[in-house]
Each structure stands twice: as structure tokens, then as C-alpha cells.
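Residues per chain, in single letters:
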Amino acid sequence: QDGNRPVPEDATMHIAIMETGRINEAIADQFDRYPEMFRTMFERAGATDLELSTIAVVDGELPAHVDDFDGYLVTGSAAGVYDDFDWIAPLMEFLRSAHAADKPLVGVCFGHQVIAHALGGRTEKWHDGWGLGVYDVTLDGAPSWMPPKDSVRLIHIHQDQVVAVPQDATLIGSTSFCTNAMFHMGDNVFCMQGHPEFTPDYTAALMETRRDGMGEDRVDHALHTLKEDHEGVDIAGWIATFFRQHAQNRVAA
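Not measured: the values here are computed from a predicted model.

Attention now moves to the packing of aromatic side chains. For the structure on display, the rule yields 13 aromatic pairs. Pairing Tyr135 with Phe177 gives two aromatic rings, centres 6.3 Å apart and planes at 35°, and the pair type is tilted. Placement of the pair is Tyr135 in strand E6 (residues 131-139) and Phe177 in the loop between strand E9 (170-174) and strand E10 (182-185), with a sequence separation of 42 residues. Taken together, a centroid distance of 4.8 Å and an interplanar angle of 75° make the contact between Phe198 and Tyr202 edge-to-face. In this pair, the class of Phe198 matches that of Tyr202, namely buried. Counting every residue linked through ring pairs, the aromatic cluster contains Phe31, Tyr34, Phe198 and Tyr202.

Here it is as C-alpha cells:
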């Protein structure tokens, strides 16, 4: 595949899902792995023009070259950007190279954090513990691949937060628990702390496996919020539009 070739408007885009985490072993036999969750999410959003391949970054895999794919989506993970796993530093270096090559990058939860960290921002373990359940993400200054909305409901489950976005980033979404909940950089980086790919059932099961560490009261409150609608499929459409628009912009250029 020639990564320098502009992608026509009606072409299929080959997107790498960069798998940086695995399902908790206690519930791994009940739910799909993260890449399959994203595939289901895009299918529900009608994004049939995305060809999705999995790169098991958590196992030490990376694409041989940034031009191997038309774009990259980095998943969530139980890891933190500050952890001493041998795959994290190479991932950050790859993300910097991909960004320099103008490859569109999407980050979700850990993906949001590691992209921010790799491109000059900062991520830390949050002093106030876990953000759990469905949060309203207040939106402001949305880019063209997002509709004009005041807020969007999204499932969150995180202890780390982006405490400083990269210098060239534009903050576009915040929650009551997390100021830097969504940002973009031009038309080639789109990152969010929440999980559009998660379902309420999976989120509830995951929280139950970690109830003691997350806090009984916080988990109970989060379980109650999961009864509310969340708009993950809508956000999946935004992500697909982000990838398409980046390709179309390069054709126009």
C-alpha cells in the first residue's frame, strides 16, 4: 500500500486498531476483545468504508512503517503512560512519527492519554480517584467532523487523566470530573477520555471486578448512571467522518 497516495473520497480506508490492553481475565470469556468492540461500534454506525486491522501493541507489535495504514486508532488499556512496560516507549515514538507523517490518529481513554503524552502533553494518575459511569461531555468549539451540539453522553472508566493537552491542541470537551476530556489537533488528531465502544453491560461487569479498588459508593453511583442512554454510536460516526475528512482534505490539497 502506498501511504503517500491520496485516498479518493469513495475509497475504503485501512485503519489499524492499536490494541494496548486486554479484557480483565475475570470476565474475558463473556465479552469481545477491544478491537472487536470497535468493529461492532463502527458497524452499528454504518461505517462500512473502514477496513480494520488489529495491531497487538500490548504484545510488542507495531506497523513496520507509518505508511502501512491510512490511519490509526489507539484503544484503552489498564496501563498508564508512566508504567514501565516495554511496549509503551516504542508506541509513543511510533505515534510521533505517524503524526509527523500526517497520519490521522484517534485515541480512546489510554489512547487519548498516550497520544497527548507523546505529542507534548502530560498525563497523570488523578488525585481524586476514578471517574466512572456515564458523564455529560460539555462541548465547545467542535471541529467540522462533529455536529453542533452542546454536550454528548459517553461512558467513562478511568483513573488517569490528561492534565495538559499538547501545545497545538484545541480542547473541545470536558466533564465534571475531567477537564481535558476531548481534544483535537488540526484535522489529524482526535482524542477522547470516554469509551464510545463500551456497552453498559461490559462497563458494569468491569467495575464489579474492581469494586474494592474503585470504591463501593463510586461504583454504585456509576451503575445507576449506566441506566441512562449513552451516545457511543454517534461518536463512532464522528470518528469515521474524521478519518474520511482527513483523506478528502488531502485529495483537495
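Moving on, there is more to tell.
Right, let's get into the side chain of Asp49. Along the chain, Asp49 turns up in the loop between helix H1 (34-44) and strand E2 (50-55). Those residues in contact with Asp49, other than ones at most four positions away along the chain, are Ala11, Thr12, Met13 and Arg244.

Turning our eyes to something else, we now look at H1. For H1, the set of buried residues is Tyr34, Pro35, Met37, Phe38, Arg39, Met41 and Phe42. Looking at the packing, one finds that the buried side of H1 touches strand E1 (13-18), E2, strand E3 (71-74), strand E4 (105-108), helix H4 (200-209) and helix H7 (232-252). Where H1 ends, the next residue or the one after it, Gly46, has phi of about 75°, a positive value.

On to the sheet that holds E1, then. Overall, mixed pairing links the nine strands, which are arranged E2-E1-E3-E4-E11-E10-E9-E6-E7 in an open sheet. Looking at the sheet topology across the chains shown, the edges are occupied by E2 and strand E7 (151-158). Taken over all neighbouring pairs, the strand axes of this sheet differ in orientation by 25° on average, direction set aside. One ladder, built from three bridges, connects E3 with E4; its direction is parallel. In the sheet register, Leu73 faces E4, and the bridge partner there is Val106.

For the rest of this paragraph, the subject is the nonpolar core. The biggest cluster of nonpolar side chains holds 31 residues, and the ones touching the most others in it are Phe42, Leu50, Phe190 and Ile239. Elements with a minimum of two residues in this core: E1, H1, E2, E4, E6, E7, strand E11 (189-192) and H7. No other element matches the eight residues that H7 contributes to this core. The residues contacting Phe190, other than those within four sequence positions of it, are Leu105, Val106, Gly107, Trp145, Met146, Ile172, Met182, Phe183, His184, Trp238, Ile239 and Phe242. Within the second largest apolar cluster, 30 residues are counted, among which are Ala79, Leu105, Ala116 and Phe183.

Here is what the cut-offs are and how they apply
- Residues numbered from 1 in each chain as written.
- Predicted model: local features only at pLDDT ≥ 70, side-chain atom pairs only at ≥ 80, totals over all residues.
- Heavy atoms only, no water.
- Phe/Tyr/Trp six-rings, centres within 6.5 Å; stacked < 30°, edge-to-face > 60°.
- Helix = DSSP H or I, 4+ residues; strand = E, 2+ residues; numbered from the N terminus.
- Buried < 20%, exposed > 50% of the residue type's maximum accessible area, 1.4 Å probe, protein only.
- Contact = heavy atoms within 4.5 Å.
- Pairing = 2+ DSSP bridges.
- Axes fitted to C-alpha atoms, helices over the stretch in contact; angles between N-to-C directions.
- Core = buried A, V, L, I, M, F, W, Y, C linked by side-chain atoms within 4.5 Å.

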